[in-house]
Amino acid sequence: MERSRILDEFAAVTGYHRKHAIRLLSGWGTREMDALHGDNRDQARSQRCRYGPEIRDALIQLWEVADRVCSKRLQPMIAVLLPALERHGQVMLDETSRAKLLEVSAATIDRLLAGVRLVAGSGRRRPAGFGSAVRRSVPIRTFNDWSNPIPGWVEVDFVAHGGTTVSGGFVQTMVLTDVATGWTECIPIVIREAEMVVHALGRARELFPFPLRGVDFDNDSLFMNDLVVGWCRAEGLEVTRSRAYRKNDQAWVEQKNGAIVRRLVGYGRFEGVLAGESLGRLYASARLHGNLFQPSFKLREKRREGARVIKHYHAPEPPVMRTLAHASVSEADKVQLRGMLADADPVLLLAGIRAAQVELGKRVDARGIKAGRAETPAPLDLALFTASLKVAWEAGEQRPTHRRRYVRIKPIVRPSMLDAVRDHLLIWLEAKPALTAVAALDQLRALYPDRFTADHLRTVQRFMKVQRLTMAREILLGLLPHGTT
């Protein structure tokens, strides 16, 4: 308490910052304090160096013995590891150095081992995220922060069409869902670049039947960058983001990812500009069919009774009806929507969806030459398509983009050319476990020069690999205690 009062009075008299005053009073702050005390700066610096090279060398050895654990885990283990190393003559320290090593803090260990860890990690530091500063500048909006917003506040997310792997380049779909009405727009993106996201956002603003007011992104670096966030703010759009690894913060758009995109496109892999064009034709028909003629539920209230969560929903209706009934939508936008609703033909839109799905179905997992331009589709006979709707259910799944039913085919067991010489190979391998496939093939060619050639090396290698695995398994089972599996 007395030292705090002295520090407060010194800071008040001199006007120094409190931290600067602490450094001055500690005797190692500035040249003025060195001149005041008549101390040499080099001497003062050497006096402040409490942990010398011998302690650093001992710390390095302890860190290696502990298998390079972090400093917070290493610090309490020094009292256990140091006596053990001293008993076996691995570390020799005098009493003063030993006492200092036992009192060292985790922060000091980090400071003393900083250079050692950098070299041990091949000189690589963890790269700082380029979008971290932009991400921190974007406020977080959780699922509880949506308090009945007006139309124009959308959640944005990506759906990847990479199939079973995310390596390489593939098409992605940017999904924008309005929180108030459920109106959803889908924009395919061929190249994963921020500039493409800006173009897609601009295109989405033209497609929505009401002006956009704000966008809620996830923490993808494709969103959290200067180009995208700066463009949104320059266009007057409020930018928010969800919490990391909290998908429920974007529950509205996450639901549409499955109910719209996956239902239409499936889980196949699509690559290239031509696949993006096919997806664009699919979404052009699906946006009107889904927003005008497909009802969806909207949560009205939710309450908890004990362990049960009871939800009540509004009557299902398409997004266009919610938009027309909302008082915040301008009359001009409503007139345009009514005209759109009057002109739209649901059967013709469904026919366009099926035609685009047929084209995409030919591109599922197709790459290279197979992914070339599709054939020109035959002219649509609307009357025939309408008549086929009555019996389409008999043919099963009508979406070619979805995975076909897997039919298991019993494998065909073919005889191997090594069956006749199997005993010879087993005897050679048992006598010489390190026998290579090349040497085994040479012996086979010496015994059967007309049957084996150098082209049979791969066959012998596969046989030797299987036999070595069998021998290793037998040895391992023989070493296990009786009754152990």
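Coordinates for the structure precede this section.
Residues numbered from 1 in each chain as written. Predicted model: local features only at pLDDT ≥ 70, side-chain atom pairs only at ≥ 80, totals over all residues. Heavy atoms only, no water.

Some thoughts on the overall build of the protein
Note the threshold: Helix and strand definitions follow DSSP, with helices as H or I runs of at least four residues and strands as E runs of at least two, each counted in order from the N terminus. When a residue's accessible area, from a 1.4 Å probe over protein chains only, is under 20% of the maximum for its type it is buried; when over 50% it is exposed; and in between it is partly exposed. Whether two residues touch is decided by their heavy atoms; if any such pair falls within 4.5 Å, the residues are in contact. A 1.4 Å probe and the Shrake-Rupley method give the accessible areas. Residues count as covered only by the protein chains that appear here.
Helix and strand counts for the protein come out as 21 helices and seven strands. The burial tally for the protein puts 35% of its 485 residues in the buried class. Within the protein, contacts between residues separated by at least 24 positions form 65% of all contacts whose residues are at least 6 apart in sequence. Approximately 30,900 Å² of the protein is accessible, and the part contributed by carbon and sulfur atoms is 55%.

Looking at the environment of Phe463
On the secondary structure map, Phe463 appears in helix 21 (residues 457–479). The exposure class assigned to Phe463 is buried, which follows from its relative accessible area of 12%. With 45 residues separating them along the chain, Phe463 and Leu418 place their C-alpha atoms 8.3 Å apart. Dropping the residues within four chain positions of it, Phe463 is found in contact with Leu418, Arg422, Leu425 and Leu426.

Some remarks on the pairing of strand 2 (residues 172–178)
It is a general feature of regular strands that their side chains alternate between the two faces of the sheet. Note the following rule: DSSP bridges decide pairing: two strands pair if at least two such bridges lie between them.
Within strand 2, seven of the seven residues are buried, which leaves it mostly tucked inside the rest of the structure. On strand 2, burial covers both faces: Gln172, Met174, Leu176 and Asp178 on one face and Thr173, Val175 and Thr177 on the other are all buried. For strand 2 and strand 3 (residues 184–189), the ladder comprises six bridges, and the chain directions are antiparallel. Counterpart to Thr177 in the pairing with strand 3 is Thr184. Linking strand 2 back to strand 3 in an antiparallel pair, the connection comprises five residues, with Gly182 at a positive phi of about 85°.

Considerations on the packing of helix 19 (residues 422–431) against helix 20 (residues 437–447)
Quick note on the threshold: Each axis is a line fitted through C-alpha atoms, and for a helix only the stretch in contact is used; angles between axes span 0 to 180 degrees, taken between their N-to-C directions. Every angle not falling under 35 degrees, over 145, or within 65 to 115 is termed oblique; those three ranges are roughly parallel, roughly antiparallel and roughly perpendicular. Here a crossing is taken to be left-handed if its near helix is turned anticlockwise relative to the far helix by less than a right angle, and right-handed if that turn runs clockwise. Each residue is assigned to one of three groups, with Ala, Val, Leu, Ile, Met, Phe, Trp, Tyr, Cys and Pro labelled nonpolar, Asp, Glu, Lys and Arg labelled charged, and all others, Gly among them, labelled polar.
Running from amino to carboxyl end, helix 19 crosses helix 20 at an angle of 135°, the nearest separation of the two axes being 11 Å. Classed by the angle they form, the pair helix 19 and helix 20 counts as oblique. Our pair here, helix 19 against helix 20, has a crossing hand that is right-handed. From helix 19, His424, Leu425 and Trp428 reach across to helix 20, where they touch Ala440, Gln443, Leu444 and Leu447. Residues belonging to the contact of helix 19 with helix 20 are distributed by class as follows: five nonpolar, two polar and no charged.

Details of the nonpolar core
As a reminder, the rule being used: Take the buried residues of types Ala, Val, Leu, Ile, Met, Phe, Trp, Tyr and Cys, join any two whose side-chain atoms come within 4.5 Å, and each joined set is a nonpolar core.
Judged by nonpolar contacts, the single largest core of 38 residues is most densely connected at Met174, Leu176, Val197, Leu201, Phe217 and Cys232. Here this core takes seven residues from helix 11 (residues 194–207), the largest share from any one element. Once residues within four sequence positions are removed from consideration, Val197 is found in contact with Phe158, Met174, Ile189, Leu222, Phe223 and Val228. Counting residues in each nonpolar core, the second largest holds 19 residues, with Ile78, Leu85, Val91 and Val116 among its members.

Notes on a negative patch on the surface
Defined as follows: Patch membership requires over 30% relative accessible area and the absence of a salt bridge. Like charges are linked within 9 Å, and nonpolar side chains (Val, Leu, Ile, Met, Phe, Trp, Tyr) within 5 Å. The salt bridge criterion pairs a side-chain nitrogen of Lys or Arg with a carboxyl oxygen of Asp or Glu, the two atoms within 4 Å. Counting rule applied: Lys, Arg positive; Asp, Glu negative; His and chain ends not counted. By convention, the charge on Lys lies at NZ, on Arg at CZ, on Asp at CG and on Glu at CD.
On the surface, Glu54, Asp57, Asp94 and Glu95 cluster together to form a negatively charged patch. Along the chain, the position of Glu95 falls in helix 7 (residues 95–103). A residue is classified by how much of its surface remains accessible, and Glu95, at 64% relative accessible area, is exposed.

Describing the environment of Gly202
Within the secondary structure, Gly202 sits in helix 11. It is 9.6 Å that separates the C-alpha atoms of Gly202 and Cys232, two residues lying 30 residues apart in sequence.

Let's talk about helix 1 (residues 2–14)
Think of an α-helix as 3.6 residues a turn; residues three or four steps apart then line up on the same face. Cut-off, in case you're wondering: Helix span, as expected, comes to 1.5 Å for every residue beyond the first.
Between its first and last C-alpha atoms helix 1 spans 18 Å; for 13 residues at 1.5 Å apiece the expected length is 18 Å, and the two agree. Where helix 1 ends, the next residue or the one after it, Gly15, has phi of about 80°, a positive value.

Some words on the pattern of salt bridges
Scanning the entire structure with this criterion turns up 17 salt bridges. Between Arg50 and Glu103 there is a salt bridge; the shortest N-O distance is 3.1 Å. You can see Arg50 sitting in the loop between helix 4 (41–48) and helix 5 (53–65) and its partner Glu103 sitting in helix 7, a full 53 residues away along the chain. For Arg50, a relative accessible area of 43% gives the class partly exposed. The exposure class of Glu103 is exposed, given its relative accessible area of 53%. Of the charged contacts in the structure, one is a salt bridge between Arg98 and Glu86, with a shortest N-O distance of 2.9 Å. Pair noted here: Arg98 is in helix 7 and Glu86 is in helix 6 (residues 71–87), with a separation of 12 residues, a long-range link. Here Glu86 falls in the partly exposed class, since its relative accessible area comes to 23%.

A short note on unusual backbone geometry
In the Ramachandran plot, Asn148 falls in the positive-phi region, its phi being about 50° despite a non-glycine side chain. Locating Asn148 in the fold gives a position in the loop between helix 10 (132–137) and strand 1 (153–160). Of note, Tyr245 is a non-glycine position whose phi angle comes to about 60°, a positive value. Within the secondary structure, Tyr245 is located in the loop between strand 5 (238–241) and helix 13 (251–265).

Looking at the packing of aromatic side chains
What counts, and what does not: Pairs were defined over the aromatic rings of Phe, Tyr and Trp, the Trp ring being its six-membered one, requiring ring centres within 6.5 Å. Orientation was assigned from the angle between planes: stacked under 30 degrees, edge-to-face over 60, tilted for the rest. In this analysis the charged atom, NZ for Lys or CZ for Arg, is taken to sit over a ring once it is within 6 Å of the ring centre and within 35 degrees of the ring normal.
The full count for this structure, using the stated rule, is seven aromatic pairs. Look at Phe217 and Phe223: their rings are 4.5 Å apart centre to centre, the planes differ by 15°, and that puts the pair in the stacked class. The exposure classification of Phe217 matches that of Phe223, with both residues buried. A ring pair is formed by Phe297 and Tyr313, whose centres lie 5.9 Å apart and whose planes are at 70°; its orientation type is edge-to-face. You can see Phe297 sitting in the loop between helix 14 (272–293) and strand 6 (299–305) and its partner Tyr313 sitting in strand 7 (residues 308–313), a full 16 residues away along the chain. Taking the relative accessible area as the measure of exposure, Tyr313 reaches 41% and is therefore partly exposed. The lysine or arginine in question, Arg141, covers the ring of Trp146, its NZ or CZ lying 4.3 Å from the ring centre. Over the aromatic face of Tyr448 sits the side chain of Arg451, whose NZ or CZ is 4.7 Å from the ring centroid.

Observations regarding the sheet that holds strand 3
Strand order in the open sheet made by the five strands is 3-2-1-4-5, with mixed pairing throughout. In this open sheet, the two edge strands, each paired with only one partner strand, are strand 3 and strand 5. The average angle at which neighbouring strand axes cross in this sheet is 25°, direction not considered.

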